[in-house]
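Structure at a glance
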Amino acid sequence: MASTASTPGSPDAGPSPVPNSTQPFWRTELHELDNHRSTKDLPAEADIVIIGAGFSGAALAHYIHEDNASPPSVVILEAREACSGATGRNGGHVKPDVYFNVPKYIRKHGVKAAVEVANFEASQLRAVKELVEREKIDCEFTLTRACDVILHEAQAKEAEEAHEQLVKSGVADLRDVQYTSRKHAERVSGVKGALCAWTYTAGHIWPYKLVMHLLQGVVSKGANLQTHTPVAAVSGEPLSDGRWLVTTADRGAIKAKKVLFATNGYTAGLAPQFKDRIVPVRGICGRIIVPSGSPSSQEPAQDGTVTQNTKQAPFLPMTYGLRYGPGLYDYLIPRNDGSIIVGGTKQTWWHEKEHWYNVVDDSTLIEPALKEFEGLMQRRYIGWEDTGACVDRIWTGIMGYTSDSMPYVGHMPGKPGQMVLAGFNGHGMPLILLSAKGLTKMLMEGTTFEETGIPSPFKATQERLDNTGNAILEAVPASKPSAVL
Ligand SMILES: Cc1cc2nc3c(=O)[nH]c(=O)nc-3n(C[C@H](O)[C@H](O)[C@H](O)COP(=O)(O)OP(=O)(O)OC[C@H]3O[C@@H](n4cnc5c(N)ncnc54)[C@H](O)[C@@H]3O)c2cc1C
């Protein structure tokens, strides 16, 4: 049984990172700063302490230092290795949702806010691309199209109707969205049993390399990065001079004017007001390879012969989301090296919430998920039956799901000087960069949240913290769903 959020510390301790995490593919080529400590001892004080060295923490540090000749003193405290949380173990998919959840968000938050979220997501992909190109970041950023495929009859009908309504209403920007109906869905997607499909611009990336580049940039500008330094507590009240005391588990404390929580799924461990509002949720990813016997990757022998013992895998030109029913999906990101990163695989375990809900243990796998990875390409993709595609590695990671499905960005309610950037619901790659940019403007220039362009539902408010609803558990099936195909 997976350990739940309270296991690592005392019985009522909140979520915190566990040791011995599984090794994701992205962390097989480690950066020289992976275990970095800029100074032997922690400084006693700092202008800004950032807790967490994932995409959020690194992006915040990046914007604090950008175009700043005399940056404030910044200390980044990371419990484990740099970029060893969700960012170092995700799918690498930068997939803005420009249509799928828009009808749901219109119902929940109104048209204006729903469209704000969709446009914000779309703009992030361009922002990530620009950043990568401007900074010449070696992270295999690839601009492509995402292909969402539905294989579940009732869900397909619902999605088609919702899409039709969205088109009719004219409220959302659907210029980049291509809908393919049943007649051609299988051929366009290459997925067996596809009932309908949508394609739109998306990207994929080596997330660890992106983050490590950002961290290297800020460290070279004077930021103090301290890995293997878990924070045990942030004082509940400010000190008499208005600063906050950030106490680490075993390396002393830092007095900080500003504390930025970039702790995603673990946020409630340090800020208990997020208990049941940002919930640690365990996910799983794997990498599938096509073995070297396949002609596509096989070198001819010295005599020029090639042994054709497996069939060439058909080219997959897009990234793929395969939807098997509400809340159940796989996503597949074919990489430029021929391998495929796969996430989701929830069909066999999502109904048993002890595998994932309030779980911080990324040192073990989700056992019922494993058989989903085996033979996935052969089962789902036309022409892949005899390719010999097989699993290379599987890992788990901890996401931050919010009880109202929206991230928390901005000033911490009731805690002047504390700010939060967390709760990305397993979808942070098209949300974090510009949220971090906006938050930094609030921090450095006193900009209001509303002036940043961050969608209004993301604002961290007391009202959201007081809301006891739980959208995370709403879509969980009561029992194991019947198999698709
Ligand atoms: C298996 C999996 C697949 C995913 N796939 C995708 C995908 O394809 N596309 C997508 O958009 N999103 C995906 N996500 C979600 C995405 O990875 C996250 O939204 C994003 O990485 C969040 O970044 P972050 O920096 O906020 O959090 P993290 O990367 O988790 O960073 C938070 C950091 O805070 C540190 N920390 C926490 N508590 C403390 C403490 N007390 N003291 C010191 N440090 C602390 C942690 O160790 C961690 O390094 C996936 C996530 C997982 C787990």
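In the annotation of an unreviewed UniProt entry, the chain is listed under the name FAD dependent oxidoreductase and assigned to Microdochium trichocladiopsis.

Tallied over the entire structure, the rule returns 1 cavity of 30 Å³ or more. Its boundaries defined by the atoms lining it, the largest cavity holds a volume of some 50 Å³. Contributing to the lining of the largest cavity are Trp 26, Gly 91, Gly 92, Glu 140, Thr 142, His 204, Ile 205, Ile 333, Arg 335 and Asn 336.

Before going further, it helps to spend a moment on the pairing of strand E12 (residues 319-325). Burial runs high along E12: 7 of the 7 residues are buried. Linking two consecutive strands that pair antiparallel, namely E12 and strand E13 (residues 328-334), is a turn of 2 residues; a positive phi of about 75° is found at Gly 327 within it.

Here the focus is helix H1 (residues 55-65). In terms of burial, H1 is largely enclosed, as 11 of its 11 residues are buried. Along H1, the residues classified as buried are Phe 55, Ser 56, Gly 57, Ala 58, Ala 59, Leu 60, Ala 61, His 62, Tyr 63, Ile 64 and His 65. Following H1 by one or two positions, Asp 67 has its phi on the positive side, about 50°.

Before going further, it helps to examine the site of the ligand. As a matter of local geometry, the ligand sits amid 39 residues, with Ser 56, Glu 78, Thr 87, His 93 and Met 429 nearest to it. In the environment of the ligand, an oxygen atom lies 3.0 Å from a nitrogen or oxygen atom belonging to the backbone of Phe 55. Thr 87 places a side-chain nitrogen or oxygen 2.5 Å from an oxygen atom of the ligand. Contact with the protein chains removes 98% of the 1,000 Å² of surface that the ligand exposes when unbound. Elements represented by at least two residues in the shell around the ligand include exactly H1, strand E11 (278-289) and strand E15 (390-402). Considered class by class, the residues forming the shell around the ligand number 20 nonpolar, 17 polar and 2 charged.

One can expect most non-glycine residues to show negative phi and most peptide bonds to be in trans. For Thr 345, which is not a glycine, the phi torsion comes out positive at approximately 50°. Inspection of the secondary structure assignment puts Thr 345 in the loop between strand E14 (340-343) and helix H8 (370-373). For Thr 345, a relative accessible area of 0% corresponds to the buried category. Not every positive phi belongs to a glycine, and Asn 425 is a case in point at roughly 50°. For Asn 425, a relative accessible area of 17% gives the class buried.

Reported here for the second largest pocket is a volume of approximately 430 Å³. Along its surface, the second largest pocket is lined by 23 residues, and Phe 315, Arg 335, Asp 337, Gly 338 and Ser 339 are the ones closest to its centre. Tallied by class, the residues present in the lining of the second largest pocket amount to 11 nonpolar, 10 polar and 2 charged.

With that settled, consider the pattern of salt bridges. Tallied over the entire structure, the rule returns 26 salt bridges. As a salt-bridge pair, Glu 66 and Arg 134 come within 3.7 Å of each other at their nearest N and O atoms. Taken as a pair, Glu 66 in the loop between H1 and strand E2 (74-77) and Arg 134 in helix H3 (residues 111-134) lie far apart in primary sequence, 68 residues in all. With a relative accessible area of 25%, Glu 66 lands in the partly exposed category. Between Asp 173 and Arg 175 there is a salt bridge, with its nearest N and O atoms 2.9 Å apart. On the basis of relative accessible area, Asp 173 is assigned to the partly exposed category, the value being 36%. Judged by its relative accessible area of 75%, Arg 175 is exposed. A single network of salt bridges, built from pairs that share partners, joins Glu 140, Arg 287, Arg 335, Asp 337 and Asp 392.

A few words now on the nonpolar core. Judged by nonpolar contacts, the single largest core of 82 residues is most densely connected at Ile 50, Phe 55, Ile 76, Ile 205 and Phe 458. In this structure, Ile 50 is in contact with Gly 57, Leu 60, Ala 61, Ile 64, Val 74, Val 75, Ile 76, Leu 77, Leu 260 and Ala 262, ignoring residues within four places of it in sequence. In terms of nonpolar packing, the next biggest core, distinct from the first, is built from 39 residues, Ala 369, Tyr 381, Ile 394 and Ile 472 among them.

The rules behind each value
The residue numbers shown here count from 1 along each chain, following its written sequence. Side-chain atom pairs in this predicted model are given and counted only at pLDDT of 80 or more, local residue features only at pLDDT of at least 70, and totals for whole chains, interfaces and linings cover all residues. As a rule here, side-chain values come from all non-hydrogen atoms in the structure, and water together with hydrogens is ignored. Within this scheme a cavity is a closed region of a 1 Å grid, computed over the protein atoms alone, that accommodates a 1.4 Å probe without allowing it to escape, whereas a pocket is open but has protein on both sides within 12 Å along at least five of seven lines; lining residues each have an atom within 4 Å of a point. Grid points are joined across faces, edges and corners, and a volume is the space filled by probe spheres set on the points. Only protein chains enter the accessibility calculation, which uses a 1.4 Å probe; a residue whose area is less than 20% of its type maximum is buried, one above 50% is exposed, and one in between is partly exposed. Helix and strand assignments come from DSSP, with helices taken as H or I runs of at least 4 residues and strands as E runs of at least 2, each series counted from the N terminus. Strand pairing is assigned whenever DSSP detects at least two bridges linking the two strands. To be near a molecule or strand, a residue needs just one of its heavy atoms within 4 Å of it. Identification of polar contacts relies on pairs of N or O atoms within 3.5 Å, with a donor-acceptor requirement for protein atoms, meaning one able to donate a hydrogen and the other able to accept it, and with residues adjacent in sequence counted only if both atoms are side-chain atoms. Using a 1.4 Å probe, the Shrake-Rupley method yields the accessible areas, and only the shown protein chains count as cover for residues. The nonpolar class holds Ala, Val, Leu, Ile, Met, Phe, Trp, Tyr, Cys and Pro. Asp, Glu, Lys and Arg form the charged class, and all remaining residues, Gly among them, are polar. For this document, the term salt bridge refers to a Lys or Arg side-chain nitrogen within 4 Å of an Asp or Glu carboxyl oxygen. Note on terminology: a nonpolar core comprises buried Ala, Val, Leu, Ile, Met, Phe, Trp, Tyr and Cys residues joined through side-chain atoms within 4.5 Å. Two residues qualify as a contact provided that any one of their heavy atoms is within 4.5 Å of a heavy atom in the partner residue.

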